[in-house]
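Analysis of the macromolecular model
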Amino acid sequence: MKKALSILICLIVIILTFTSCGSENPKRLYYMTSDTIATLDPQLASNKIELMVAEGMFEGLYTSSKGEIVLGAASNVIISDDGLCYTFTLRDDIYWSNGDAVQANDFVFGIQRALNPTTKAPYAYKLYCIKNAQAVHSGELDYNSLGVKALDEKTVEITLEYSYTGIEHVLSLPVAMPCNADFFEKTGGRYGLNVDDIISNGTYYAKLWDENGITLSINKHFREDAVNAGVTVAYKEAEDNVLNLINNGQLDMGEVSGMDTLLGEDAEIGESTSLNTCYAVFINKNADSGIGNSEIAKALNMSLNRDETFSNLPSCFLSANSIIAPDLTVGGQRYGDSITANSSWSYNAEEAKNIYNTAVSKMSGKKLPQTTLIYPNEAGVSDAVKALVQTWQKNLGCYIDIKGVTSDKAINAVASSNYQIAIIPLTAYDGTAGSLITEFGTSGRYKSVSDSGFDEIINENLLSQSQDKLSLIASAEKYLIESGYVIPLFYGNTGVTYSGNIDASSIYSAAGGYLSLKEIIKK
């Protein structure tokens, strides 16, 4: 058995040894993820496991509780008549995991850090509703201009750029968590990079973090009792089968995607999945090979008949006409309920072949240089990729090599523009369409396929809180697809599978599409 699970089993034995057998006693939760944790800094949390851990370790002015956003570290809030000024009074019983009192300046410093352009917080734009936030984030204004102040040790005042009822949700996100300035400075640039260089003010603190995963233990300074004795998160490796590990009692919960979502049919195993991922082709327009040619990209689009190419896809996949999966939300509503297709591309193999041949005839050697497509080597996806390149070979005479890698490697290759052509899974870790589409902007992970015209649409989207937000997101998506450099292929289910000893009445955070470690109850 691999090292991570061996350690996990040892932890189980240790905990059972030191915990009484009474059913009223909380138990440790064991979870397996396909992601890894790069930081414990809540301002820098980006993937779903980092967001999940951050929420378990930190508490904001607002917090998630039983599917709702409620006051957290604040005991009271006074809202001005015009809805622009929020004055929070902090609770008296809030402490950091080292025993220091949490004060108003901690919340001010946390938000200032998030909007400091040198921090490079991935979700800083979520705070743009705060007065001068966007100007501070762009470097146009100093952080002292930000609409966040500590009136005294227990009072935080937040002034908004515009009236926004979603501020409660924003202030519950990890990016808005408090940060103790004195502790931060003492870490000397190591904040959040190991368990000794982070303190938390939430349910748990980080006890152990290594290449196998992370162990969270109860923060004794937190005012409320934890529902579990702690949480151990193990990183999933290639040989791991989440369902088998749950059935064997070695795991309580684990992430599933694609084909694995079809396996949770055991009556003793629960499953919560959604159609929240789109697998899409990315064509690097800056690649040295000819694949970045706009006419080649156009031909690849027009030569694809999805219904025919992906006719043998497993039932967990559905043909896609949009890069935003149906179950992602805008203003709390499913994107798929309003937008079902967002492209004017139509299948025309003959015209695609003519466009391709004309483009190739202008290249050195009169052919497309050797090109490699990287993709997530997952069950079901691999077969779809083979069908895709066979379609291009048949309809265009286009030969493309394929290389299977882990999902993380494919995404990182696209993020660093170190690829020619790739297929990656697209989703939003907070469950919103707006977060996903923003990732294509100049400061996002997927900027290799966009341009300044797209950024103009994105900037409107970030600042819009009107009913037109949906149409702005749809316009941005259409702009991307019609550029030819992003080709939606099919949607896939992702989610979690859990054992019968998990109370599934409240497992997701109200703040986003990630699990709430402080609310999941192991019976």
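It should be noted that the structure appears before, not after, this text.
Here goes a summary of the coordinates provided.

Conventions adopted
Residues numbered from 1 in each chain as written. Predicted model: local features only at pLDDT ≥ 70, side-chain atom pairs only at ≥ 80, totals over all residues. Heavy atoms only, no water. Helix = DSSP H or I, 4+ residues; strand = E, 2+ residues; numbered from the N terminus. Buried < 20%, exposed > 50% of the residue type's maximum accessible area, 1.4 Å probe, protein only. Polar contact = N/O pair within 3.5 Å; in protein donor to acceptor, adjacent residues only side chain to side chain. Contact = heavy atoms within 4.5 Å. Salt bridge = Lys/Arg side-chain N within 4 Å of Asp/Glu carboxyl O. Expected span 1.5 Å × (residues − 1). Pairing = 2+ DSSP bridges. Axes fitted to C-alpha atoms, helices over the stretch in contact; angles between N-to-C directions.

1. Concerning the side chain of Asn301
- Inspection of the secondary structure assignment puts Asn301 in helix 8 (residues 294–302).
- Under the relative-accessibility criterion, Asn301 is labelled buried at 5%.
- Here the side chain of Asn301 touches Gly484 through a polar contact of 3.0 Å, landing on its backbone oxygen.
- The contact partners of Asn301, leaving out residues within four places of it in the chain, are Trp345, Gly484, Val486 and Ile487.

2. Overview of the environment of Lys131
- Secondary-structure assignment places Lys131 in the loop between helix 3 (104–115) and helix 4 (133–138).
- Since its relative accessible area comes to 40%, Lys131 is described here as partly exposed.
- Counting along the chain gives 29 residues from Lys131 to Leu160, while the straight-line C-alpha distance between them is 4.6 Å.

3. As for the pattern of salt bridges
- Under the counting rule described, the total for this entry stands at twelve salt bridges.
- A salt bridge links Arg113 to Asp41; its shortest N-O distance comes to 2.7 Å. You can see Arg113 sitting in helix 3 and its partner Asp41 sitting in the loop between strand 1 (28–33) and helix 2 (48–57), a full 72 residues away along the chain.
- With a relative accessible area of 8%, Arg113 lands in the buried category.
- For Asp41, a relative accessible area of 1% corresponds to the buried category.
- Among the salt bridges present, the one from Asp337 reaches Arg334, with a minimum N-O distance of 2.5 Å.
- The exposure class of Asp337 is exposed, given its relative accessible area of 57%.

4. Let's talk about helix 15 (residues 469–483)
- Taking 1.5 Å of rise per residue, the 15 residues of helix 15 would be expected to cover 21 Å, and the 21 Å separating its terminal C-alpha atoms lies within 8% of that figure.
- Within helix 15, burial applies to Leu472, Ile473, Ala474, Ala476, Glu477, Leu480 and Ile481.

5. A look at the environment of Ala54
- In this fold, Ala54 is placed in helix 2.
- Residues Ala54 and Tyr204, 150 residues apart in the sequence, show an inter-C-alpha distance of 9.4 Å.
- In this view, Ala54 contacts Pro42, Ala45 and Pro174; residues no more than four positions away in its chain are not counted.

6. Quick look at the sheet that holds strand 4 (residues 74–79)
- Across the sheet, which stays open at both edges, the four strands sit in the order 4-5-7-6 with antiparallel pairing between neighbours. Sheet topology places strand 4 and strand 6 (148–152) at the edges, where each strand pairs with a single neighbour. Averaged over all pairs of adjacent strands, the angle between their axes in this sheet comes to 25°, without regard to strand direction.
- Of the pairings in the sheet, the one linking strand 5 (residues 85–90) to strand 7 (residues 155–159) comprises five bridges and is antiparallel in character. Bridge assignment links Thr89 to a residue of strand 7, and that residue is Thr155.

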